[in-house]
Amino acid sequence: MRSGPHQAITDVQGIRVGHATRDEPGWLTGVTVVVAPPGTVGGVDVRGGGPGSRETDLLDPRRSVDRVDAVVLSGGSAFGLSSADGVMAGLWEDGRGWPVGPEPGQVVPIVPAAILFDLGRGGHWRRHPGPDDGLAAYRAASDGPVTAGSVGAGTGAMTGGLRGGVGSASAVLPTGGTVGAVVVVNAVGSAWDGAGRLHAAALLGPDEAALLPVPDQDAVDGHLRAQEEAVAALRAGTATTLAVVATDVPLSKAGCQSLAGVAHDGFARALSPVHTSFDGDAVFALSTGTAAEPSRIDLVDLQTAAADVVAQAIARAVLAATSVDRSADGGAVLRSYRDALTRRG
């Protein structure tokens, strides 16, 4: 399957993505918002032992609300759920929301949200995203290329003891339709194997694969020894990988939930281990329903591609991440995969 022009979730017509990044001194956190066009159907699949979420019950196929206005991915652990308030405010100002009364302004925007743990990594425990950051990310949302790496909700993210981040990918189905994903990687598991090779390298395009950095085995071995101590010190809920998968293929709420479930396979292709007792992994699935000739769409192709683009997005997040040192503020030193495990030059 070929990628869309942006190689991102925004290749699905009508989907927009925005980031709010807080990386000033003492901060390492942020918000990423996926804004859906009117009429978008949503579903979710939450796994792992430490999830943090908002309005996910509303996406159950048994619930009556069947439209989603936006999805919020935020740092800040449970404190960061308040960033969805700002997104709701922005949507309401723009006239978006579920009608609950006869007047035009009597609507409630439907904004499911999920958070990841990054508290204290910038140096101050209570510096987390809030409503203003959510609104800023909503206002910044565009349908162009999605900035990857250490931005938005991925600003303070980690994976396998190194810096995580945001990544995106897309695929155009042979029978028509497009599917894309944006992922925020903050996992207990690693995106690379014992030789330092990315688990999802084989799913990247040939041009990307040709530019992959060469692992330094001595550096990988040293990091793996240090990582064992870090894992031993983990507490439940201190890691999470979050994703939004979107498609223009028409799906019901149940179909979106099924798509989200299969998309979790992309986590398993790109991270090891996944869905642990310390992770709160979640995948949201959105269907804009605008694909031409939906009867020709093979749902197996769609679900397979969804898992693939999730895995690709994870690899791109790790490759785009940059190193940062917040030790002067009492925070963490987060080295990137490229700086810590690969050869220079």
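Use the structure listed above.
What counts and what doesn't
- Residues numbered from 1 in each chain as written.
- Predicted model: local features only at pLDDT ≥ 70, side-chain atom pairs only at ≥ 80, totals over all residues.
- Heavy atoms only, no water.
- Buried < 20%, exposed > 50% of the residue type's maximum accessible area, 1.4 Å probe, protein only.
- Helix = DSSP H or I, 4+ residues; strand = E, 2+ residues; numbered from the N terminus.
- Pairing = 2+ DSSP bridges.
- Phe/Tyr/Trp six-rings, centres within 6.5 Å; stacked < 30°, edge-to-face > 60°.
- Lys NZ or Arg CZ within 6 Å of the ring centre and 35° of its normal.
- Axes fitted to C-alpha atoms, helices over the stretch in contact; angles between N-to-C directions.
- Expected span 1.5 Å × (residues − 1).
- Contact = heavy atoms within 4.5 Å.

**Q** Before we go on, may I ask you to explain the pairing of strand β5 (residues 70-74) in this structure?
**A** When you tally the buried positions in β5, you get 5 out of 5 residues, the bulk of the element. Burial along β5 is two-sided: the face carrying A70, V72 and S74 and the face carrying V71 and L73 are both buried. Bridging between strand β2 (residues 29-35) and β5 involves 5 bridges; their strand directions are antiparallel. The partner of V31 across the bridge, within β5, is S74. Here β5 pairs with strand β8 (residues 113-115) via 3 bridges, running parallel. Residue S74 lies in a different strand from β8, and its bridge partner there is I115.

**Q** I would appreciate a short explanation of the packing of aromatic side chains in the present structure.
**A** Working definition: an aromatic ring pair is given by the centre-to-centre distance plus the angle between the planes. For the coordinates displayed, the defined rule picks out 2 aromatic pairs. Taking 5.8 Å as the distance between ring centres and 65 degrees as the angle between the ring planes, the aromatic pair formed by F117 and W125 counts as edge-to-face. A cation over an aromatic ring shows up here: R22 above the ring of W27, its NZ or CZ 3.8 Å from the ring centre. Here R126 stacks its cationic end above the ring of F79, 4.3 Å away from the centre of that ring.

**Q** What's the story with the sheet that holds strand β12 (residues 178-185) in this structure? I'm lost.
**A** The strands that make up a sheet pair up through hydrogen bonds in the backbone, lying either parallel or antiparallel. On the basis of which strands lie adjacent, the open sheet formed by 5 strands has the order β3-β14-β13-β12-β11 and mixed pairing. Taken across any chain shown, the strands that pair with only one partner, and hence form the sheet edges, are β3 (41-46) and β11 (165-172). Going from strand to strand, the sheet's axes swing by 15 degrees on average, the running direction of each strand aside. Across 6 bridges, β3 lies against strand β14 (residues 282-287) in antiparallel orientation. Considered in β14, the bridge of G42 is made with L286.

**Q** What am I meant to see in the pairing of β12 here?
**A** Remember that side chains alternate between the two faces of the sheet whenever the strand is regular. Counting buried positions over the 8 residues of β12 gives 8, a clear majority of the element. Between β11 and β12, which pair antiparallel in sequence order, lie 5 residues; one of them, G176, sits at a positive phi of approximately 105 degrees. Relative to strand β13 (residues 242-247), β12 is paired through 6 bridges, and the arrangement is antiparallel. When the sheet's bridge partners are listed, A181 is paired in β13 with V245.

**Q** Would you take a moment to explain helix α5 (residues 253-270) for this structure?
**A** Note on helix geometry: an α-helix contains 3.6 residues per turn, so any two residues three or four positions apart are oriented the same way. Under the 1.5 Å per step criterion, the end-to-end length of α5 is 27 Å for 18 residues, consistent within 8% with the ideal 26 Å. Within the span of α5, buried status applies to K253, G255, C256, L259, A260, G261, A263, H264, G266, F267 and A270. Contacts from the buried residues of α5 go to β3, β12, β13, β14 and α6 (299-320).

**Q** Whenever I open this one, the environment of A313 confuses me. Can you help?
**A** By secondary structure assignment, the location of A313 is in helix α6. The spatial distance from the C-alpha of A313 to the C-alpha of I9 is 9.6 Å, given a sequence separation of 304 residues. The residues contacting A313, other than those within four sequence positions of it, are G167, S168, A169, A181 and V183.

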